[in-house]
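# Architecture at a glance
Each chain, letter by letter, is given below.
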Amino acid sequence: MAKILAGKRIIFGVTGSIAAFKVAGWVSHLAKEEALVSVIMTESAQRFIAPLTFAALSGEKVYGAMFADDMSEPMAHIDLAQAASLLVIAPASAQTIARLAHGMADDLLSTTVLATRAPIIVCPAMNSKMYLHQATQENITKLRNFGYIVVDPDSGMMACKDDGPGRLVEWDSAQEIILRCLSDKPFLGKKILITAGPTREAIDPARFLSNRSSGKMGYALARAAYRGGADVTLVSGPTTLECPYGVERIEVETAEEMYSTVMEKSREASIIIKSAAVSDFRPTEIHTQKVKKDNIKTSLELQANPDILFELGQQADRNDKILVGFAAESANIEKEARKKLTRKNLDFIAVNNIKEEGSGFGVDTNKITLIDAEDTIHLPHTSKEETARLILESVATILKNKTR
Ligand code: PMT
C-alpha cells in the first residue's frame, strides 16, 4: 500500500456531518502511508471538529476560508486543484452534495472541485431520510454523471437513532477505492476470476476433510486485481475473511461446487488465477447422521475430485485466456511445480514451499517462485499483499504482450 500512496497529494474535503470525527482516522492512515494530505474544511465541518486535529494528523496546513485574512494565498483553490492526485470529500453532507451538483463556487472546497482535473471521490454521510430524498438522489446522479465516484454509504443505526442508509462508509472500503484511483490499471475492462481458501468434503454432519488454507493469499490477489482496474469474481471456500470491497464473492464449500462455479464463471473471464487449496479427494459416502464412535471404521474410502485447473487448461478457448496456477509443495519444489505447469497447461505457476516458515498456509507472508516455460523468478519473502501485487505484475506483462 505504501508504494501506491507515497508522495501522492490528496486533497481531503471535510464537510458538516457528525461523521467528521471518523475521517480524522482516515487522514492519519493516509499520512502514515506517506501520502501528502491537504485538508479543506467547510465552515460547518469546523463546528464538528477542530482544524487543529487534522493539522496534527496530516502534518500539513489545514484550509478553511476561501481567502486568508492576510491574503497570503489568494489562489489557494487553483494551487490545491493543480497539485492534487486525488480529491476525497468525506463526509459529504447533503448540502455539499447539492452545491457540487449545481456547480456552486462559493467556498474553497467547491472552487477546488471545479478547478481540479484529478479524480474525485465523494463519500456521503447524513440522516437516511435526507439521503433517500429525491433531491439528494438526483444530485448524486448528477455527480456520477460528472464522473465523480460517489460511494454508497453504509446502512445501520445513525447518530439521530434513525436506521437506514447514510452512515459514512468504513475506512477499509474507502481505502480500497482510494488505492484503485491511484493505481495503474492494466486490467481495466478485464474480468479476472480468482479462487481462494480451502474446500470442505463432508464425512457426516459433524466432520469433514479439509486443509489449512485461510484464503489470505487469494483474497490479497482479489484486492490487488480490483486496484488494478479489474472486474473481479472471487470463488471462495469457507474462510473467516471479509469480502474485499468491489469484488463479487461466490461462496462454495466442496471441490465439486467450486468446479461447477468456476467452469460457469470462467466463460466470461479472460484471466483465471487458482490459488484455492482444493481437496483432491472426497469421502465416497457422506453419512446423513453423525457416525457413532463405536461404528466408525478406521479407514475412510475416498474418491477423486475433479481437477479444476486441469480442466480449465483443456478448454477449447484456452488460448484466449491467461491461466495461472498455484502449487503447494513440501519437497522437490521447482521440479514438482514444473510438472504441474506442463500437465495443467498454464501460463505460469506460483509455487510456495509450505514447510518454510512464513510461507504458504495461514500466515500473512509468502515466499513464492514464479515458473513459466522459460523462466524461474524468485519473489522476495514478503506480505501476501505485496506478493499478490507482484504476481499480478507478471499477469499484466503477459496481457500486454498478448494484446500487442
Ligand atoms: O490460503 P492461505 O492460507 O493464504 O494459503 C495460501 C496457499 C498455500 C493455499 C496458496 O499459496 C497455494 O499454494 N494454493 C494452492 C494450493 C494447492 O492446492 O496446491 P496443489 O499443488 O495441490 O494444486 C495445484 C493447483 O491445482 C492449484 O492451483 C489448485 O488450485 C489446483 N487444483 C488442485 C486440485 C484440484 N482438484 N483442482 C484444482 O484446481
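In this text, all values refer to a predicted model and were calculated from it rather than measured experimentally.

What counts as what
Note on numbering: residues in each chain are counted from 1, in written sequence order. It should be noted that, the model being predicted, local features are given only for residues of pLDDT at least 70 and side-chain atom pairs only at 80 or more, the latter also being counted only at that level, while totals for whole chains, interfaces and linings use all residues. To obtain the side-chain values, all non-hydrogen atoms of the structure were used and water was disregarded. Summary of the distance rule: residues count as near a molecule or strand when at least one heavy atom falls within 4 Å of that molecule or strand. Side-chain atoms alone can form a polar contact between residues adjacent in sequence; in general such a contact is a pair of N or O atoms within 3.5 Å, and within protein one must be able to donate a hydrogen while the other accepts it. Surface accessibility follows the Shrake-Rupley procedure with a 1.4 Å probe radius. Residue values consider only the protein chains on display as shielding. Computed over the protein atoms alone on a 1 Å grid, cavities are sets of points where a 1.4 Å probe fits but cannot get out and pockets are open sets with protein on both sides within 12 Å along at least five of seven lines; a residue lines them when it has an atom within 4 Å of a point. More than half of a molecule's atoms lying within 2 Å of a cavity's or pocket's grid points is what places that molecule inside it. Put simply, DSSP marks the helices as runs of H or I at least four residues long and the strands as runs of E at least two long, and each gets a number from the N terminus on. Partly exposed residues are those whose accessible area sits between 20% and 50% of the maximum for their type, while under 20% is buried and over 50% is exposed, using a 1.4 Å probe and protein chains only. As used here, the arc is the angular range of directions from the helix axis to the C-beta atoms. Contacts are assigned to residue pairs with any non-hydrogen atoms lying within 4.5 Å of each other. Remark: nonpolar core denotes a set of buried residues (Ala, Val, Leu, Ile, Met, Phe, Trp, Tyr, Cys) joined through side-chain atoms within 4.5 Å. In this entry, domain limits derive from an automatic or database-based domain assignment. Grid points are joined across faces, edges and corners, and a volume is the space filled by probe spheres set on the points. Gly counts as polar in this scheme, as do all residues outside two lists: the nonpolar Ala, Val, Leu, Ile, Met, Phe, Trp, Tyr, Cys and Pro, and the charged Asp, Glu, Lys and Arg. Buried surface area refers to the total accessible area, computed with a probe of radius 1.4 Å, that the two partners give up upon joining, counted for both partners together. Note that a disulfide, as used here, is simply two cysteine sulfur atoms within 2.5 Å. Two strands are said to pair when DSSP picks up at least two bridges between them. A fitted line through C-alpha atoms serves as each axis, taken over the contacting stretch for helices, and the angle formed by two N-to-C directions is quoted from 0 to 180°.

Attention now moves to the site of the ligand. Taken together, 27 residues form the shell around the ligand, and within it S213, S214, K274, K340 and N352 come nearest. P306 places a polar main-chain atom, nitrogen or oxygen, 2.9 Å from a nitrogen atom of the ligand. Between the ligand and the protein, one listed contact pairs a nitrogen atom with a backbone N or O atom of I308 at 3.1 Å. Notes on the ligand: free accessible area 770 Å², of which the protein chains cover 96%. Structurally, the ligand is housed in the largest pocket. Mapped onto the shell around the ligand, the elements with two or more residues apiece are α11 (216-227), α13 (308-314) and β17 (322-329).

We now examine helix α5 (residues 76-83). Regarding α5, the residues found buried are A76, H77, L80 and A81. Taken around the axis of α5, the buried residues stretch over an arc of 125 degrees, which confines them to a single face. Buried residues along α5 sit in contact with β1 (9-14), β2 (36-41), β3 (62-63) and α7 (108-115).

We now examine the nonpolar core. Formed by 69 residues in total, the largest nonpolar core has its most connected members in I10, F12, W26, F54, I178 and I273. Among the elements that make up this core, the one with the highest residue count is α11 (8 residues). Two domains share this core, each providing at least three of its residues, namely domain 1 (2-182) and domain 2 (191-280 + 301-402). For F54, the contacting residues outside a window of four places in its chain are V14, A20, V23, A24, V27, V39, M41, I49, G59 and V62. Counting 25 residues, the second-largest nonpolar core is a separate cluster that includes A76, A94, Y131 and V150.

Turning our eyes to something else, we now look at the layout of surface pockets. To find leftover empty space, a probe the size of one water molecule is rolled over the atoms. In this model, the largest pocket occupies a volume close to 840 Å³. As for the largest pocket, its lining consists of 40 residues, of which A276, A277, V278, D280 and A328 are closest to the centre. Elements represented by at least two residues in the lining of the largest pocket include exactly α11, β16 (302-304), α13, β17, α14 (333-343) and β18 (348-353). Of the residues in the lining of the largest pocket, the class split is 18 nonpolar, 14 polar and 8 charged. The computed volume of the second largest pocket comes to approximately 510 Å³. Around the second largest pocket, the lining is made up of 22 residues, and of these I4, S183, D184, R389 and E393 lie nearest the centre. At the level of elements, α1 (2-5), α11 and α15 (384-402) are the ones that each hand at least two residues to the lining of the second largest pocket. For the lining of the second largest pocket, the leading source of residues is α15, giving 7 residues. Along the lines of polarity and charge, the residues of the lining of the second largest pocket split into 10 nonpolar, 4 polar and 8 charged. Mapped onto the domain boundaries, the lining of the second largest pocket takes at least three residues apiece from domain 1 (2-182) and domain 2 (191-280 + 301-402).

We now examine the domain arrangement of the protein chain. Structurally, the protein chain comprises domain 1 (2-182) and domain 2 (191-280 + 301-402). The gap between the C-alpha centroids of domain 1 and domain 2 is 37 Å. Taken together, the contact pairs 8 residues of domain 1 with 8 residues of domain 2. Between domain 1 and domain 2 lies a buried interface of about 780 Å² when both sides are counted; carbon and sulfur atoms form 58% of it.

A few words on the state of the cysteines. Within the structure shown, the criterion is met by 0 disulfides. C181 forms no disulfide, and the closest cysteine sulfur to it belongs to C123, at a distance of 10 Å. Look at C181 and you get buried, because its relative accessible area is 15%. We note that C243 lacks a disulfide partner, and the nearest cysteine sulfur, in C123, lies 18 Å from it.

This part covers the sheet that holds β1. A sheet is described by the order of its strands in space; here 6 strands give the open sequence β3-β2-β1-β4-β5-β6, paired in parallel fashion. Of all strands in the sheet, those with a lone pairing partner are β3 and β6 (149-150), marking the two edges. Bridge count for β2 against β3 is 2 bridges, and the pairing is parallel. Across the sheet, residue V39 finds its bridge partner in β3, namely V62. The strands that helix α4 (residues 51-58) touches are β1, β2 and β3; relative to β2, the one it contacts most, it runs at about 175 degrees.

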